[in-house]
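# Analysis of the macromolecular model
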Amino acid sequence: MADQASSPVDKASDLKGFAQKVSRYFLDFLETDFKRQQAPRRKIQTKTDTGFRCGVHLRKYAGLNAAIWKLISEPSTEGFTFRIPKGRYTAPISPVLLDLISKQIDSLELDSFDRVKSETIAFAVRKRSSAVENPEKYIEEVQTAFAELVSQLI
């Protein structure tokens, strides 16, 4: 019976060998798996390889997110259809962007708007005789003059 009992030295070497094997396994895992260049098989794609958008993050569309979750939480025996009407689900503008827009608007001078208005009216009055001959061309010329004045002064 004494032959079958293992000594404390044997137990320590067995434990040391086991610890070395476990350590090698984890070392191998760390050296190989974290350096993979290939993407995992399962992933969420919002664009195809050609750049076509095929998915949308729903978090920023609160109403749409709630409607989708409601639809998928109901039991279904067949496929489902979800129609998204134009303009119904919109994302709010971020507060940072709103602040930037308001600062840009506040920095505009009111004199510029008055000048654009008066010069556009003056141009329209000068060219109004040509409106009888070709009204579409007259409207286009006034719109073009307005756009040029806005780009120059505002």
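A short tour of the structure in this document, coming up. As the structure is a prediction and not an experimental result, all values here were calculated from the model.

Calculation notes
- Here the residue numbering is sequential within each chain, running from 1 through the sequence in written order.
- Two thresholds apply to this predicted model, a pLDDT of at least 70 for residue-level local features and 80 or more for giving and counting side-chain atom pairs, whereas whole-chain, interface and lining totals are computed over all residues.
- Hydrogens and water molecules were not included; the side-chain quantities draw on all heavy atoms of the structure.
- Definition used in this section: a nonpolar core is a set of buried Ala, Val, Leu, Ile, Met, Phe, Trp, Tyr and Cys residues joined via side-chain atoms within 4.5 Å.
- The buried label applies to any residue whose accessible area, calculated with a 1.4 Å probe on protein chains only, is under 20% of its type's maximum; exposed applies above 50%, and partly exposed to all values in between.
- Here a strand is any run of E in DSSP of at least two residues, a helix any run of H or I of at least four, and the numbering for each starts at the N terminus.
- In this analysis, two residues are considered to be in contact whenever any of their non-hydrogen atoms come within 4.5 Å of each other.
- A pair of aromatic rings is counted whenever rings of Phe, Tyr or Trp (Trp by its six-membered ring) have centres within 6.5 Å, and the orientation is called stacked for planes under 30 degrees apart, edge-to-face for over 60 and tilted otherwise.
- For every element, the axis is a line fit to its C-alpha atoms; helices are fit only across the contacting stretch, and the angle between N-to-C directions ranges from 0 to 180 degrees.
- Should an angle fall under 35 degrees it is taken as roughly parallel, and over 145 as roughly antiparallel, whereas 65 to 115 is taken as roughly perpendicular and any remaining angle as oblique.
- When the near helix sits turned anticlockwise from the far one by under a right angle, the crossing is termed left-handed; a clockwise turn instead gives a right-handed crossing.
- For this scheme, ten residues count as nonpolar: Ala, Val, Leu, Ile, Met, Phe, Trp, Tyr, Cys and Pro. Four count as charged, namely Asp, Glu, Lys and Arg, and the remainder, Gly too, count as polar.
- What counts as a salt bridge is simple: a side-chain nitrogen of Lys or Arg found within 4 Å of a carboxyl oxygen of Asp or Glu.

## Some thoughts on the nonpolar core
- The biggest cluster of nonpolar side chains holds five residues, and these are Phe123, Ala124, Tyr138, Val142 and Ala145.
- Elements with a minimum of two residues in this core: helix H4 (110-127) and helix H6 (135-153).
- If one sorts the elements of this core by residue count, H6 sits on top with three residues.
- Those residues in contact with Phe123, other than ones at most four positions away along the chain, are Glu141, Val142 and Ala145.

## Here's the deal with the packing of aromatic side chains
- Scanning the entire structure with this criterion turns up two aromatic pairs.
- Each ring, one from Tyr25 and one from Phe26, has its centre 5.2 Å from the other, and the planes form 75°; the classification is edge-to-face.
- We classify Phe26 as partly exposed; its relative accessible area is 47%.

## Topic: the packing of H4 against H6
- Viewed as axis vectors pointing N to C, H4 and H6 meet at an angle of 155°, and their least axial separation amounts to 10 Å. When the interaxial angle is binned, H4 and H6 end up roughly antiparallel. Judged by the sense of rotation from one axis to the other, the crossing of H4 with H6 is right-handed. Contact with H4, carried on its side by Ser112, Arg115, Val116, Glu119, Thr120, Phe123, Ala124 and Lys127, involves Tyr138, Glu141, Val142, Ala145, Phe146, Leu149, Val150 and Leu153 of H6 and no other residues of that element.
- Classifying every residue of the contact of H4 with H6 by side-chain character gives 10 nonpolar, two polar and four charged.

## A look at the environment of His57
- Among the secondary structure elements, His57 is positioned in the loop between helix H1 (8-33) and helix H2 (62-73).
- You can call His57 exposed: its relative accessible area is 51%.
- For the pair His57 and Thr46, spaced 11 residues apart in sequence, the C-alpha separation works out to 8.0 Å.

## Some details on the pattern of salt bridges
- Under the defined criterion, the tally for this structure stands at two salt bridges.
- A salt bridge links Asp99 to Lys103; the shortest N-O distance between them is 3.3 Å. One end of the pair is Asp99 and the other is Lys103, both in helix H3 (residues 95-107) and four residues apart, which spans about a single turn.
- You can call Lys103 exposed: its relative accessible area is 52%.
- As a salt-bridge pair, Glu119 and Arg115 come within 2.8 Å of each other at their nearest N and O atoms. Residue Glu119 and its partner Arg115 are both found in helix H4; the two are separated by four residues, about one turn of the helix.

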